[in-house]
Amino acid sequence: MVRNIFLSLIICLSTLGGKMFGRDGNLVLLQSLEGRWQFSIGMNEDWTSPKFNDTSWELIRVPSPWEDEGYNGYNGYAFYRKKITISSKYKDRMLYLNMGYIDDVDEVYLNGKKIGSTGSFPPNYSTAYNAERIYYIPVEFINFDGPNQIAVKVYDSEQEGGIVSGDIGLYGGKNTVTLDVNLQSAWKFQPGDDLRRKEPDFDDEGWGEIFVPGKWENQGYRDYDGYAWYRKSFVYKTTGETEKMVLLMGKINDLDQVYVNGTLVGSTGTFPKRPGEKVSTGDQYLAFRGYYIPDGLLKKNEKNIIAVRVFDSGRDGGIYEGPVGLLTQTKYIDYWRKIKKEDDE
Amino acid sequence: MKTKHFKLFILFLFLFSTFSSVRAEDLRRIVSLSGSWRFSIGDDSKWASPSFDDSGWDQISVPGKWEEQGYNDYNGYAWYRKTFRISDIPSNSPVFLVLGRIDDVDEVYFNGTEIGKSGKFPPDYKTAYDRTRKYLIPSDLIKENAENVIAVKVYDSYLEGGIIEGPTGIYTDEDNELIALNLSGKWKFQAGDNKGWRYSDYNDEGWSSIEVPSVWENQGYEDYDGYGWYRLKFNLPQNFTTGELYLSLGKIDDIDDVYLNGEHIGNVYDMRKDFGYRNSGGEYNTRRVYKIHEGLLNRNGSNLLAVRVYDEQGVGGIYEGPVGIMSAENARRYKNRHHNYNGNRYDSFWEYMFDKFFGNDNSNYDNYDNDF
């Protein structure tokens, strides 16, 4: 439904305007990552690690098909690695790694943690050579003002291979709201539907992991449509007065119900009352979710659980666009007033 | 068989027409509230108070979608506030706050007191985006020649939001001039159905309070369809006009049975013999005026009016005035005003045909118990 939304939004920067909340049309280049990267053909899981010593590796130009860089005729696995410094002045922005177009399949790691994947490696091989890779970097993975290791695992099936084109770099969102609790990070994820999953004490140990925001198709759930649940546990650290809080859930494809500590706080779209009933979806996937949390529901300086029930009617699915996190109502109002002012000028 | 199918088809048409039954067109506007209102996103119960200082708030045009006024992509809660003066409150007439269409849910405060709501806020969210908002302002809340404050809490689920479409203003019902004794205001209300509820000696103390006229959905019965009973105790003023009297109940959605001091005095189907009620399916839009039989009113003590209402679907209740007692002369004027009453029951051949074929009955309402 929103295939290539990132690409089209970046192209349509001017028409969409820079006002919409968290739209990736707002992304600005902070640091270009084009140029020489460490490169090796082959595949070894240790190569994702920041500790791995790649000084003996060759240097290769990015972006460029590896066929043009001395690896003519090579098909199969290869790794790209690069160390970068991310300035702490970007701490309050949402940061994205744009890896351009990769032929055919990739998996990207920052400091040894996976931040995104597109296409599917063998044995269930599926190419995604025509998709631009823009991955949100969870803030907790970043070592601000220090070295950060990027590692890109690539698989090429035939013809050109590698990070072949694009505007490779570190990008930041404009107009980012300062979240009191940033929830853009790894969440627990499980396809299927079961309302017991909303309970705070539900056991999600065996669940998979997924990055939020990001469509699930890019994270190992290719071609999955239907129900799925997300769960995240977090501590709301505060010493301040009790204030009304707003939970931003960004954009979700297609419908969602959000539970905080087992209580429904908001929903977009209508879920069927009985299982098996037809679900109707329209343009709910475009709605920006900001749910007001009832007073007294959030536990201060203690563990809280958010559970999100999602229904995807087809194609792209999941919590696909940020921001995702908690902030005070006062900050939220200020944010919208600021947007309004920019709009008036 | 053929007739039956045709009947079903016509029923279908009328069911569609019953959805938007609250209209402001029979009302007269006394204050326009279109224009600039104070606005803030978010939600705080303190914002309902007339003393809250909203001078730091943003300003927004009403009616209008907030998406088109700098709040593109915003979904969730927001409050609107408006301060206004009114110099001439019609006496003996109900005064309404009309806010037009609100997307999706609202709760309205007049000088700090909640006067009505439509739809349901999350988590049990239910939209009422297609309903025109018309709330009766209790007469003790409105202040003449002083500032009045309206505060509207709105929730928008997604897409366009806010007080999006007029009319917006303070309205009165001109028909009320024809009323000798105004009976609009607070009544007792109970959902359900019970034969005993018609009698004067039934104790309705435990019933809830409801504003008449106004749909019950505005007053806490959001999803309610089926039977509901209204009860009102009233006394006639001293030296109240003698002679033939009529009870006007305005419009009721859908079917009513009216009891005065325990006796049945009318039902919407009586209206076809007189005026107004045109054909089956149009019950909700029919003005009720029932003759009060000589000797039924207690001139020196209390009287009990009990109205049994059956609502098939959508909004329900005694929703549009005038509500009160009229002289025979004014009842005739009232009929003339609204139905071009000229001794002929039918405005057109087609109405006559509808009537002929669809009968003097309530067969559209399968669940309505007419042997009550």
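## Side note on the overall build of chain A
Here comes step 1: Across its full length, chain A carries three helices and 21 strands.
Here comes step 2: Here chain A has a C-alpha radius of gyration of 21 Å; the compact-globule value for 345 residues is 20 Å, and the two agree.
Here comes step 3: Taken over the C-alpha atoms alone, chain A extends approximately 60 × 50 × 40 Å along its principal axes.
Here comes step 4: For chain A, with 345 residues in total, the buried portion stands at 42%.

## A look at the overall build of chain B
Here comes step 1: Counting its secondary structure elements, chain B contains three helices and 22 strands.
Here comes step 2: Split into buried and exposed, the 372 residues of chain B put 41% on the buried side.
Here comes step 3: For chain B, the share of sequence-separated contacts (at least 6 apart) that also reach a separation of at least 24 residues comes to 80%.

## Quick notes on the sheet that holds strand β6 (residues 105–110) of chain B
Residue and element names in this part refer to chain B.
Here comes step 1: Spatially, the six strands line up as an open sheet ordered β3-β2-β4-β9-β6-β7, and their pairing is antiparallel. Sheet topology places β3 (58–62) and β7 (113–118) at the edges, where each strand pairs with a single neighbour. Between one strand axis and the next, the sheet turns by 30 degrees as a mean value, whatever way the strands run.
Here comes step 2: Taken together, the five bridges between strand β2 (residues 35–41) and β3 define a ladder with antiparallel strand orientation. Along β3, the bridge assignment pairs W37 with I60.

## Regarding the domain arrangement of chain B
Residue and element names in this part refer to chain B.
Here comes step 1: Each assigned domain of chain B is listed with its residue range as follows: domain 1 (17–172) and domain 2 (175–358).
Here comes step 2: Across the contact, 17 residues belong to domain 1 and 19 residues belong to domain 2.
Here comes step 3: The element contributing the most residues to the side of domain 1 that touches domain 2 is β7, with three residues.
Here comes step 4: Its residues assigned to classes, the side of domain 1 that touches domain 2 comprises six nonpolar, seven polar and four charged.

## Side note on the nonpolar core
Here comes step 1: Counting residues in hydrophobic clusters, the biggest one holds 123 residues, and the most contacted among them are Y96 and L247 of chain A together with L97 of chain B.
Here comes step 2: Of all hydrophobic cores here, the second largest spans 38 residues; its members include L178, I210, L245 and V309 of chain B.

## Side note on the domain arrangement of chain A
Residue and element names in this part refer to chain A.
Here comes step 1: Entries for chain A in the domain assignment read domain 1 (28–172) and domain 2 (181–344).
Here comes step 2: Of note, the centres of domain 1 and domain 2, computed from C-alpha atoms alone, are 29 Å apart.
Here comes step 3: By residue number, the principal contributor to the side of domain 1 that touches domain 2 is strand β7 (residues 113–118), which donates four residues.
Here comes step 4: Partitioning the side of domain 1 that touches domain 2 into residue classes produces five nonpolar, five polar and one charged.

## Thoughts on the sheet that holds strand β4 (residues 76–85) of chain A
All names here are of chain A.
Here comes step 1: Judged by pairing direction, the sheet is antiparallel, and its six strands sit side by side in the order β3-β2-β4-β9-β6-β7 without closing on themselves. Each edge of the open sheet is held by one strand with a lone partner, namely β3 (58–62) and β7. Strand-to-strand, the axes of this sheet are offset by a mean angle of 30 degrees, without reference to chain direction.
Here comes step 2: Across ten bridges, β4 lies against strand β9 (residues 147–156) in antiparallel orientation. Residue Y77 lies in a different strand from β9, and its bridge partner there is Y155.

## Some thoughts on the interface of chain B and chain A
Here comes step 1: Contacts between the two partners involve 19 residues from chain B, matched on the other side by 23 residues from chain A.
Here comes step 2: Residues of the side of chain B that touches chain A, tallied by class, amount to eight nonpolar, seven polar and four charged.

## A closer look at the confidence of the model for chain B
All names here are of chain B.
Here comes step 1: Mean pLDDT over chain B: 86, with 81% of residues reaching 70 or higher.
Here comes step 2: Confidence over residues 13–24 falls short of pLDDT 50; this stretch has 25 contacts with residues more than four positions distant or in other chains.
Here comes step 3: Counted against residues more than four places away or in other chains, residues 340–345, with its pLDDT under 50, gives three contacts.
Here comes step 4: We note a pTM of 0.75 for the whole complex and an ipTM of 0.71 for its interfaces.

## So, the environment of G226 of chain A
Residue and element names in this part refer to chain A.
Here comes step 1: Relative to the helices and strands, G226 is located in strand β15 (residues 226–235).
Here comes step 2: The exposure class of G226 is partly exposed, given the 14 C-beta atoms found within 10 Å.
Here comes step 3: As a C-alpha pair, G226 and F311 span 85 residues in sequence and 5.2 Å in three-dimensional space.
Here comes step 4: The contacts of G226, once residues within four sequence positions are left out, are F311 and D312.

## As for the environment of Y224 of chain A
Residue and element names in this part refer to chain A.
Here comes step 1: Mapped onto the elements, Y224 comes out in the loop between β14 (208–211) and β15.
Here comes step 2: Look at Y224 and you get partly exposed, because 14 C-beta atoms sit within 10 Å.
Here comes step 3: Taking the C-alpha atoms as reference, Y224 lies 8.5 Å from D312; in sequence the two are 88 residues apart.
Here comes step 4: If near-sequence neighbours (up to four positions away) are discounted, Y224 is found in contact with P191, W216 and G317.

## Let's talk about the pairing of strand β20 (residues 302–311) of chain B
Successive side chains on a regular strand alternate, one facing one side of the sheet and the next facing the other.
Residue and element names in this part refer to chain B.
Here comes step 1: Counting buried positions along β20 yields seven of ten residues, so the element is predominantly enclosed.
Here comes step 2: In the sheet, strand β15 (residues 226–235) pairs with β20 via ten bridges, with the strands oriented antiparallel. Within β20, the position partnered with W229 by the bridge is R308.
Here comes step 3: Here strand β17 (residues 255–260) pairs with β20 via six bridges, running antiparallel. Bridge pairing in β20 links I255 to Y310.

## Details of the pairing of β2 of chain B
Residue and element names in this part refer to chain B.
Here comes step 1: The buried fraction of β2 amounts to five of the seven residues, a majority that puts the element mostly inside the structure.
Here comes step 2: Of the pairings in the sheet, the one linking β2 to strand β4 (residues 76–85) comprises four bridges and is antiparallel in character. Counterpart to R38 in the pairing with β4 is R81.

## Observations concerning the environment of Q149 of chain A
Residues and elements named next belong to chain A.
Here comes step 1: Turning to its location among the elements, Q149 is positioned in strand β9.
Here comes step 2: Residue class for Q149 comes out partly exposed when judged on the 19 C-beta atoms lying within 10 Å of it.
Here comes step 3: Ignoring anything within four residues of it in the chain, the contact list for Q149 reads P50, R81, K83 and N111.

## Describing unusual backbone geometry
Here comes step 1: Cis peptide bonds are those with omega within 30 degrees of zero, and the linkage from N253 of chain A to D254 of chain A qualifies with 5 degrees.
Here comes step 2: Within the secondary structure layout, D254 of chain A lies in the loop between β16 (245–253) and β17 (255–260).
Here comes step 3: Here the bond from V62 of chain B into P63 of chain B is cis, since omega is 0 degrees, no more than 30 degrees from zero.
Here comes step 4: Residue placement: P63 of chain B occurs in the loop between β3 and β4.
Here comes step 5: The phi angle at N261 of chain A is positive, at roughly 50 degrees, despite the residue not being glycine.
Here comes step 6: Within the secondary structure, N261 of chain A sits in the loop between β17 and β18 (263–268).
Here comes step 7: Even without glycine at this site, N261 of chain B takes up a positive phi of about 50 degrees.
Here comes step 8: Of note, N261 of chain B is situated in the loop between β17 and β18 (263–267).
Here comes step 9: Given 17 C-beta atoms within 10 Å, N261 of chain B falls into the partly exposed group.

## Considerations on the confidence of the model for chain A
Here comes step 1: Of all residues in chain A, 90% have pLDDT values of 70 or greater, and the mean over the chain is 87.
Here comes step 2: Taken as a whole, residues 1–24 of chain A scores under 50 in pLDDT and shows 44 contacts with residues more than four places along the chain or in a different chain.

Criteria and cut-off values
Residues numbered from 1 in each chain as written. Chains lettered and ligands numbered in written order. Predicted model: local features only at pLDDT ≥ 70, side-chain atom pairs only at ≥ 80, totals over all residues. Helix = DSSP H or I, 4+ residues; strand = E, 2+ residues; numbered from the N terminus. Rg over C-alpha atoms; globule rule 2.2 N^0.38 Å. Buried ≥ 20, exposed ≤ 12 C-beta atoms within 10 Å, placed from the backbone. Contact = placed C-beta atoms within 7 Å. Pairing = 2+ DSSP bridges. Axes fitted to C-alpha atoms, helices over the stretch in contact; angles between N-to-C directions. Domains from an automatic or database assignment. Nonpolar A, V, L, I, M, F, W, Y, C, P; charged D, E, K, R; others polar. Core = buried A, V, L, I, M, F, W, Y, C linked by C-beta atoms within 7 Å. pLDDT = per-residue confidence, 0-100.

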